[in-house]
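Next come the chains, spelled out residue by residue.
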Amino acid sequence: MRLLALSLGSGAVFAVLFYLWGRELFPRGAGRWGGTFPFVGAVALTLAVALFLTEWFGFAGREVRKVRLAARDFLFLCSLALLLFFAAKAVIDLIAEIPSLGRSVPTRVYSYLIPLPAFAMVVRVLINSETSILFTVAASVLSAAAAAGSWPALLFLLLSGTAGAARARRVPDRYRMLMAGVQTAPVCALAAAALEFSFHGGGGVVWAGIFGAFNGLLSGPIALAVMPVAESAFGYASDIRLMELSGTGHPLLSRLMMETPGTFHHSVVVGTLAEAGAHAIGANPVLCRVAALYHDIGKLGRAQYFSENQAGAANVHDAMSPGLSRAVILSHVKEGVRMAGEYRLGDRITEIIEQHHGTSLLYCFLDKARPMIQDRKASEEMFRYPGPKPKSREAAIIMLADAAEAAVRSLARPTPQEVDETVTGIVNRIYLDGQLNECDLTLRELHAVGRAIRQVLTAVAHARVDYPAGASN
Ligand SMILES: [Fe+2]
Ligand SMILES: [Fe+2]
């Protein structure tokens, strides 16, 4: 499947390459192939592009843990590459049309305007830094081919793309994205001027510097323009999108607030805990806070079945069989994933909703179901969430914060020492149950997250509303 996506993608990339630059690339190869050369050349180059992309992404996908790309990611990267070619061609043609510039600026200098830094930024913000490096190298090679394969163009693209991606770390708002572009500009200007001088002498150095700076400055606005389109077309969620989702004006959050106030309060506290946990280990605090707000949206419409919404009322599970209780409680994960898709919350929040209980046990019903288990009418495994287990550090932090909040909430009037012991017990239980086996949280980080959660919960537990015991998170 991946190979097919790769081949199709590279074929499409080349078709555009050939269409846009065919005349400049292929006349040199004419000779005895005569009129048929452009076609034969196109097939040969498509094969070369497919081979290059298969080897490049295949090797990285096998050996670099964070580059396990899905078909969707390939499709996205190929679309970006196509867009890059079109943008480059459009800009270059447009400049050649300006008579005063067309005469005074050598054509080769236009290649310093190819907007790769903007695209590398988008890939880093929407996927991750490892993939943005791979994309920068692949797109540089392909775009340099478009710029008649010149060395300065290839080196400039490699450098400017890397510089852009490097400056797009944690971009929670538009200002930060624009600033990333501004910081990239001097690097691009210097690189363009230096490369132009070293390969072609002093003639176009000033223009190269100006075009390089322009390229860097424009990378922020271009990335901001491309991102919302990519998010809605491919289901990604940037930190900027997450910040938009964190406002309580979002229909899901206002429903959560009005219909299930207990769950809303629980989600806000989990968000605060998870954010502190993320800060403690350098994970993404924005993702943790916002995903925590939405992690239990699957409880909407079934508020009374969850303990945090039962304050003062009878527990409806007393009148239900353990099997039925189990089905209702387990379904909140699946329902949450469905709602996340319906409201287009993006891949990162959806994954966390899906993973926030991992395959953990429904401890609150296990005691009630003990006779059934002893009679072999049910097994302990039936009282486990279906998973998957947390795959990222952020998902793991939310699992820990969620379980810790629920456990501390069930204590009547906890002393700081009780909070401490409860959180330590929860962290140990989750670790020993193997729930953190599939994410890359180190033991040192687990310890740091536990400490951060303990500190915040001790402070929160002082001024809180009491909930009934046996709380389920
Ligand atoms: Fe939950
Ligand atoms: Fe929860």
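Residues numbered from 1 in each chain as written. Chains lettered and ligands numbered in written order. Predicted model: local features only at pLDDT ≥ 70, side-chain atom pairs only at ≥ 80, totals over all residues. Heavy atoms only, no water.

Colleague: Help me out: how do you make sense of the overall build of the protein in this one?
Modeller: Within the protein, the regular secondary structure consists of 19 helices and zero strands. Residues classed as buried in the protein amount to 52% of the 473 residues present. Sequence separation of at least 24 residues holds for 77% of the intrachain contacts in the protein that already meet a minimum separation of 6. Entry remark: accessible area of the protein is about 21400 Å², with carbon and sulfur atoms responsible for 63%. (Helix = DSSP H or I, 4+ residues; strand = E, 2+ residues; numbered from the N terminus. Buried < 20%, exposed > 50% of the residue type's maximum accessible area, 1.4 Å probe, protein only. Contact = heavy atoms within 4.5 Å. Areas by Shrake-Rupley, 256 points an atom, 1.4 Å probe, with all protein chains shown as cover.)

Colleague: Just checking my understanding: could you explain the coordination of the iron ion (ligand 1) for this structure?
Modeller: Ideal geometry at a metal centre: 109.5 degrees between donors when four sit tetrahedrally, and 90 or 180 degrees when six sit octahedrally. Only Asp296 (OD), His332 (NE2), His356 (NE2) and His357 (NE2) from the protein reach the iron ion (ligand 1) as donors, at distances of 2.1 to 2.2 Å. Around the iron ion (ligand 1), the four donor atoms sit at angles spanning 82 to 173°, and that spread fits a shape best called irregular. Expressed as a motif, the donor residue spacing for the iron ion (ligand 1) is D-x35-H-x23-H-H. In this structure the iron ion (ligand 2) is found 3.6 Å away from the iron ion (ligand 1), and Asp296 serves as a bridging donor for the pair. Linking Asp296 in the loop between α13 (285-294) and α14 (322-342) with His356 in the loop between α15 (347-355) and α16 (363-374), this pair joins segments that are 60 residues apart in sequence. The burial state of Asp296 is the same as that of His356; both residues are buried. (Donors = N, O, S within 2.8 Å, 3.2 Å for Na, K, Ca; no water. Tetrahedral: all angles 85-135°; square planar, octahedral: opposite > 155°, others 65-115°.)

Colleague: Quick question: what am I supposed to make of the packing of aromatic side chains here?
Modeller: Aromatic ring pairs are reported here in terms of the distance separating the ring centres and the angle at which the planes meet. With the rule as written, the count across this model stands at six aromatic pairs. Summarising the aromatic geometry, the rings of Tyr112 and Phe156 are spaced 5.0 Å apart at their centres and angled 85° between planes, so their arrangement reads as edge-to-face. Placement of Tyr112 in the loop between α4 (99-104) and α5 (116-126) and of Phe156 in helix α7 (residues 151-166) is noted, with a sequence separation of 44 residues between them. Judged on exposure class, the residue Tyr112 and its partner Phe156 are both buried. Through successive ring pairs, a cluster of aromatic residues spans Phe76, Phe234 and Tyr236. (Phe/Tyr/Trp six-rings, centres within 6.5 Å; stacked < 30°, edge-to-face > 60°.)

Colleague: Where do I start with the side chain of Arg454 in this structure?
Modeller: Mapped onto the fold, Arg454 is located in helix α19 (residues 443-462). Arg454 sits in the buried class, given a relative accessible area of 14%. Within the local environment of Arg454, its side chain forms a polar contact with the side chain of Thr424, the two groups lying 3.2 Å apart. In this structure, Arg454 is in contact with Val419, Asp420, Val423 and Thr424, ignoring residues within four places of it in sequence. (Polar contact = N/O pair within 3.5 Å; in protein donor to acceptor, adjacent residues only side chain to side chain.)

Colleague: Which parts of the structure should I look at to understand the packing of helix α3 (residues 71-97) against α5?
Modeller: In a packed pair of helices, the relevant descriptors are the angle between the two axes and the axis-to-axis distance. The contact between α3 and α5 brings their axes to 10 Å, and the two run at 165°. With respect to α5, the axis of α3 lies roughly antiparallel. With respect to the hand of their crossing, α3 and α5 are arranged in right-handed fashion. For the pair formed by α3 and α5, the contact residues are Phe76, Leu77, Leu80, Leu83 and Leu84 on the first element and Leu116, Phe119, Val122, Val123 and Leu126 on the second. Of the residues contributing to the contact of α3 with α5, the split by class is 10 nonpolar, no polar and no charged. (Axes fitted to C-alpha atoms, helices over the stretch in contact; angles between N-to-C directions. Parallel < 35°, antiparallel > 145°, perpendicular 65-115°, else oblique. Left-handed = near helix turned anticlockwise from the far one by under 90°. Nonpolar A, V, L, I, M, F, W, Y, C, P; charged D, E, K, R; others polar.)

Colleague: Mind showing me how you'd approach the coordination of the iron ion (ligand 2) here?
Modeller: In the first shell of the iron ion (ligand 2), the protein supplies His266 (NE2), His295 (NE2), Asp296 (OD) and Asp402 (OD), at 2.1 to 2.3 Å from the metal. Classification of the site at the iron ion (ligand 2) rests on its four donor atoms, whose angles at the metal span 77 to 171°, yielding the label irregular. Between the donor residues of the iron ion (ligand 2), the gaps in sequence give the motif H-x28-H-D-x105-D.

Colleague: Is there a simple way to explain helix α18 (residues 416-432) in this structure?
Modeller: Each α-helix turn comprises 3.6 residues. Residues three or four places apart therefore point the same way. The terminal C-alpha atoms of α18, which comprises 17 residues, lie 24 Å apart, in line with the 24 Å expected from a rise of 1.5 Å per residue. Among all positions in α18, only Val419, Thr422, Val423, Ile426, Val427 and Ile430 are buried. End-on, the buried residues of α18 take up no more than an arc of 130°, which puts them together on one face. More than 90 degrees from the buried face of α18, the exposed residues found are Gln417, Glu421 and Leu432. Gly434, located one to two residues past α18, shows a positive phi value of around 80°. (Expected span 1.5 Å × (residues − 1). Arc of directions from axis to C-beta.)

Colleague: Before we go on, may I ask you to explain the layout of surface pockets in this structure?
Modeller: Empty space among the atoms becomes visible once a probe the size of a water molecule is rolled across them. In this model, the largest pocket occupies a volume close to 1300 Å³. If you trace the largest pocket, you find 36 residues lining it, with Lys66, Ile127, Asn128, Ser392 and Glu394 closest to the centre. Elements supplying a minimum of two residues to the lining of the largest pocket: α3, α5, α6 (129-146), α15 and α17 (393-409). For the lining of the largest pocket, the leading source of residues is α15, giving five residues. Here the residues of the lining of the largest pocket are counted per class, giving 11 nonpolar, six polar and 19 charged. (1 Å grid on protein atoms, 1.4 Å probe; cavity = no way out; pocket = protein on both sides within 12 Å on 5 of 7 lines; lining within 4 Å. Points joined across faces, edges and corners; volume = space filled by probe spheres on them.)

Colleague: For this particular structure, what's the right way to read unusual backbone geometry?
Modeller: Of the consecutive residues Gly387 and Pro388, the connecting peptide bond is found in the cis state with omega at 5°. Looking at the element boundaries, Pro388 is found in the loop between α16 and α17. Positive phi, close to 45°, is recorded for Arg170, a residue that is not glycine. If you trace the backbone, Arg170 turns up in the loop between α7 and α8 (174-200). A relative accessible area of 31% places Arg170 in the partly exposed class. The backbone of Arg344 shows a phi angle near 50°, a positive value even though the residue is not glycine. Relative to the helices and strands, Arg344 is located in the loop between α14 and α15.

In short, geometric facts, not functional conclusions.
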